[in-house]
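Coordinate analysis (summary)
The chain contents come next:
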Amino acid sequence: MRRIAAWFRTHPLTSMGLALVGFAVATHLFANWRAEVRWQNYCSAARARGVKLTLAEFAPPEIPDAENFAALPMFKALFSGGMQRPMELPVVGGGGQPNLGSPIKGEKMDWQKWQKFFKDAGYIAETTDSAPRDVLRALEHYAAQFQEWSEWPTRTRCRFPLDLKAGFAMPLPHLSVIPQAAKLFSLRLRAHLALGDSGAAYADFREGLQAYRALAEEPTLIAGLVQMSAMYAILSAVGAGLAEHGWSEPELHKIQKDLSSIRISRDYQHAFASERGFGNQSDDEMTAMSPWQRGQKLSAVYSGAGALGGANSPPGWVFFAIPKRLCRDNQLRYNQYMDEMCARGTNDGTSFSPDIATPTKAEQLEGLDVYYFFLCTHSLPIFSTVAERFVHLHTQLDQARLALALERWRLARGAYPETL
């Protein structure tokens, strides 16, 4: 020990340098430990509130094939690499499909365009003077898929074979089928209404509504977006029928009852809560990486896209100097933001409180926060947009219920009420 002490006295500059290095290492380790403590304290408090933090906690229970809507042959083929788009409308001449019209904008559906579209696609050999009837004949192209889909009343639960361990790399081939199915049933619903068959149109409504319900337990935010797309398609078709006074009283009553079971706020909370699991899985993986691995991943994800604000993005080498504690503090900020977003939906799933503050959203981050919470700034604007779309759909669903009630009043009394 005396020799070591003597060496330090005779080499003061080297001793000072070693002391500084030791202090830096100790400070680095202490800061990492403090970040981990902050994160673990949050986890304990969150779990005490019943918050699910990992993706595995959102995995639905196993379901026997006979009860599982996701076990239909078409979906099994999707996940095994078979037929990829079983309910997709054809592409004719490199162009798009005709417009379905918009009851909100007062745009009616052009049945002659759809008639020509399906003839050009080869779905019907000749046309008649009834374009809606020709469209129904063309849709028989999907008869086998419709027959499978119609098993949903006996397959009351749904669990797709998702590889949750893959995180953001998880294949989701079924999500393309859901909006396509909703569009087909929406088109068939409109055709039946155009022919005066309200009962058959209601059957199509129920088939289309299954496109929304099939994803009710899906643990991804993108599934929530697909759900919204399906619901928009069905509500638009219902609205078109209301505009033309095509629905009869019995079907209006049943549609009202069916829509009363839809809880957009509940589905919003599930979408955001499960997305939290994806984020935490990714952050946990990043925290466990070596500095070199972490730098490679972050550089690849953020540098090229300019995710931190274009010209303000840091040079690529900065990512290799990012310590573990920065990832943990990002994870903490991300979860606090998810708490704020989930709080906007009421627990009973009936309404939203969109004005609840979200102090951690990207627009309110300034100065060092923009970089210190860089993982959040990349995703929060997307989450804000998705949340707004959920609120918009919730409002549209409320309006649809009101319109259904008004139409039932008109059918019973011959006129709309003077006031609401």
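Residues numbered from 1 in each chain as written. Predicted model: local features only at pLDDT ≥ 70, side-chain atom pairs only at ≥ 80, totals over all residues. Heavy atoms only, no water.

1. With respect to unusual backbone geometry
The condition that has to hold: Comment: elements are numbered from the N terminus, with helices defined as DSSP H or I runs of at least four residues and strands as E runs of at least two.
Its identity as a non-glycine residue notwithstanding, H245 has a phi of 55°, on the positive side. Following the sequence through the fold, H245 ends up in the loop between helix 9 (221-243) and helix 10 (249-260).

2. Here's the deal with the packing of aromatic side chains
The condition that has to hold: Pairing of aromatic rings covers Phe, Tyr and the six-membered ring of Trp, with a centre-to-centre limit of 6.5 Å; geometry is then stacked below 30 degrees between planes, edge-to-face above 60, and tilted otherwise. Relative accessible area decides the class of each residue, using a 1.4 Å probe on protein chains only: under 20% of the type maximum gives buried, over 50% gives exposed, and in between gives partly exposed. Only when the NZ atom of a Lys or the CZ atom of an Arg is both within 6 Å of the ring centre and within 35 degrees of the ring normal do we say a charge sits over the ring.
All chains considered together, the criterion is met by 20 aromatic pairs. Here the aromatic rings of F117 and F118 are separated by 5.2 Å at their centres, their planes lie at 70°, and the arrangement is edge-to-face. On the basis of relative accessible area, F117 is assigned to the buried category, the value being 5%. Owing to a relative accessible area of 0%, F118 belongs among the buried residues under this scheme. What links up through ring pairs into an aromatic cluster is the set F69, F75, F79, W114, F117, F118, Y123, Y142, F146, W149, F160 and F185. The ring of F146 carries the charged tip of R188 above its face, separated from the ring centre by 4.3 Å.

3. Let's talk about the confidence of the model for the protein
Our working definition: Every residue gets a pLDDT, meaning the predictor's confidence in that residue, from 0 to 100. Two residues qualify as a contact provided that any one of their heavy atoms is within 4.5 Å of a heavy atom in the partner residue.
Confidence along the protein averages 85 in pLDDT terms, with 84% of residues attaining 70 or more. Counting interchain partners and residues more than four positions distant, the pLDDT-below-50 stretch residues 305-312 has 12 contacts.

4. Points about the pattern of salt bridges
Formally: Salt bridge, as used here, is a side-chain nitrogen of Lys or Arg placed within 4 Å of a carboxyl oxygen of Asp or Glu.
Inspection of every chain in the model, using the stated rule, returns 21 salt bridges. For E57, the salt bridge is made with R47, and the minimal N-O distance between the two is 3.2 Å. In this pair, E57 is assigned in the loop between helix 2 (12-48) and helix 3 (73-79) and R47 in helix 2, connecting sequence segments 10 residues apart. Overall, E57 belongs to the partly exposed group, its relative accessible area being 31%. Judged by relative accessible area, which is 42%, R47 ranks as partly exposed. Three or more residues joined by partner-sharing salt bridges are found here, namely E36, D284 and R328.

5. Side note on helix 4 (residues 111-120)
In plain terms, the rule: Think of it as the arc spanned by the lines of direction from the helix axis to the C-beta atoms. Distance and chemistry together define a polar contact, namely a pair of N or O atoms within 3.5 Å, with one atom able to donate a hydrogen and the other to accept it when in protein, and with adjacent residues in sequence counting only for side-chain atoms on both sides.
Every buried residue of helix 4 is accounted for by W111, W114, Q115, F117 and F118. Seen end-on, helix 4 carries its buried residues on one side only, within an arc spanning 160°. Opposite the buried face of helix 4, at more than 90 degrees from it, the exposed residues are Q112, K113 and K116. Residues of helix 4 that are buried in the fold lie against helix 5 (131-139) and helix 7 (177-194). The N-capping residue of helix 4, defined by a side-chain oxygen 3.1 Å from the backbone nitrogen of Q112, is D110. Where helix 4 terminates, the next one or two residues include G122, which has phi positive at roughly 85°.

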